[in-house]
Every structure is written in structure tokens, then in C-alpha cells.
Amino acid sequence: MEDRADGRPPVRTCIGCRSRAVKSDLLRVVAGGAGSSGKPGELVPDLDGRRPGRGAYLHPRPECLDLAERRRAFSRALRREGPLDVTELRRWFAEQADRSGRPRRSAGQNEGDTT
């Protein structure tokens, strides 16, 4: 990522928690359809930052996704009317949690259970 002419990296605001962060620390989200892959109104992560259309930035944390969804921030930030589907975005967050190394407990297994 290129720095600005003054040497500082670009800064964006997370639409969930509303805190400012370096752009490289945030996840860009775009609405699918209209020239990009995905169904119209489906929110998808833009990992390369190159998908067409207006983007919104979010910390890659489930708490920020929940806040953004509760505040209806996606439709405002993306300037889209109508319902936006966060299913694909939640799937991406779940995959990231799986990759972080946190073991998933099988159904019926208690936290202290070692058997």
C-alpha cells in the first residue's frame, strides 16, 4: 500500500465501532452485483481493495460487524437502499476464526471435559 505524499499511511473509519485506523488494518466491504461477482445486495469482503463500487471499512472483528449491522451502517456507507445480505461476510468472519487456531468444541463437549 502506498503512503501519501507526506509519508503517512491512509486512515479510514470503521463503520462498526467508528474508530479511525490505518487502512491496511481494516477490511474493505462492497455490495455485490453491478459489475462485481456476487448477488445484488450481498456484502462481500474485498481483500485486495480492487472490487468495483463504493466500499465501507470495518475492523476484521465480529464485534464491529455486529455493531455495523445493528446501526444499519452498511446501507449508509455504501449509499444503497434496501436490505443488504451479510451472509457471505459472516461466512468470511467464521473462516477467519477457524484459521486463528481456536479449536471448535464438538457438540455436547463441556469446556472442562477431557474425555
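Our subject is the structure that appears above.
A few points on the structure. Since the model is a prediction, treat every value here as computed from it, not as a measurement.

Overview of a positive patch on the surface
Consideration 1: On the surface, a cluster of positive charge is contributed by Arg 18, Arg 71, Arg 72 and Arg 76.
Consideration 2: By secondary structure assignment, the location of Arg 71 is in the loop between helix 1 (62-70) and helix 2 (73-78).

A few points about the pattern of salt bridges
Consideration 1: Going through the model one piece at a time under the given rule, you end up with 7 salt bridges.
Consideration 2: Linking Asp 46 and Arg 28 is a salt bridge whose minimum nitrogen-to-oxygen distance equals 2.3 Å. Of this pair, Asp 46 sits in strand 4 (residues 43-46) while Arg 28 is found in strand 3 (residues 27-31), placing the two residues 18 residues apart along the sequence. Summarising the burial analysis for this pair, Asp 46 and Arg 28 share the class buried.

Some remarks on the packing of helix 1 against helix 3 (residues 87-99)
Consideration 1: Helix 3 packs onto helix 1 with a crossing angle of 165° between their chain directions and a minimal axis gap of 11 Å. Relative to helix 3, the element helix 1 lies roughly antiparallel. Taken as a pair, helix 1 and helix 3 cross one another with a handedness that is left-handed. Together, Pro 62, Leu 65, Asp 66 and Glu 69 of helix 1 and Leu 89, Arg 90 and Phe 93 of helix 3 make up the contact between the two elements.

Quick word on unusual backbone geometry
Consideration 1: Here Arg 72, not a glycine, exhibits a phi torsion of approximately 55°, which is positive.
Consideration 2: Note on placement: Arg 72 falls in the loop between helix 1 and helix 2.
Consideration 3: Positioned with a positive phi, Arg 79 is a non-glycine residue whose angle comes to about 55°.

Topic: the environment of Ser 75
Consideration 1: Assignment of secondary structure puts Ser 75 in helix 2.
Consideration 2: Taking relative accessible area as the criterion, Ser 75 reaches 25% and is therefore assigned partly exposed.
Consideration 3: Other than its neighbours up to four places away in sequence, Ser 75 contacts Arg 80 and Leu 84.

Topic: the side chain of His 59
Consideration 1: Turning to its location among the elements, His 59 is positioned in the loop between strand 5 (55-58) and helix 1.
Consideration 2: Judged by relative accessible area, His 59 falls into the buried class, the value being 10%.
Consideration 3: Once residues lying within four places of it in the same chain are set aside, the contact partners of His 59 are Cys 14, Cys 17, Ser 19, Ala 21, Asp 25, Leu 26, Cys 64 and Phe 93.

How each quantity is defined
Residues numbered from 1 in each chain as written. Predicted model: local features only at pLDDT ≥ 70, side-chain atom pairs only at ≥ 80, totals over all residues. Heavy atoms only, no water. Patch = residues over 30% accessible without salt bridge, like charges linked within 9 Å, V, L, I, M, F, W, Y side chains within 5 Å. Areas by Shrake-Rupley, 256 points an atom, 1.4 Å probe, with all protein chains shown as cover. Salt bridge = Lys/Arg side-chain N within 4 Å of Asp/Glu carboxyl O. Lys, Arg positive; Asp, Glu negative; His and termini not counted. Charge placed at Lys NZ, Arg CZ, Asp CG, Glu CD. Helix = DSSP H or I, 4+ residues; strand = E, 2+ residues; numbered from the N terminus. Buried < 20%, exposed > 50% of the residue type's maximum accessible area, 1.4 Å probe, protein only. Axes fitted to C-alpha atoms, helices over the stretch in contact; angles between N-to-C directions. Parallel < 35°, antiparallel > 145°, perpendicular 65-115°, else oblique. Left-handed = near helix turned anticlockwise from the far one by under 90°. Contact = heavy atoms within 4.5 Å.

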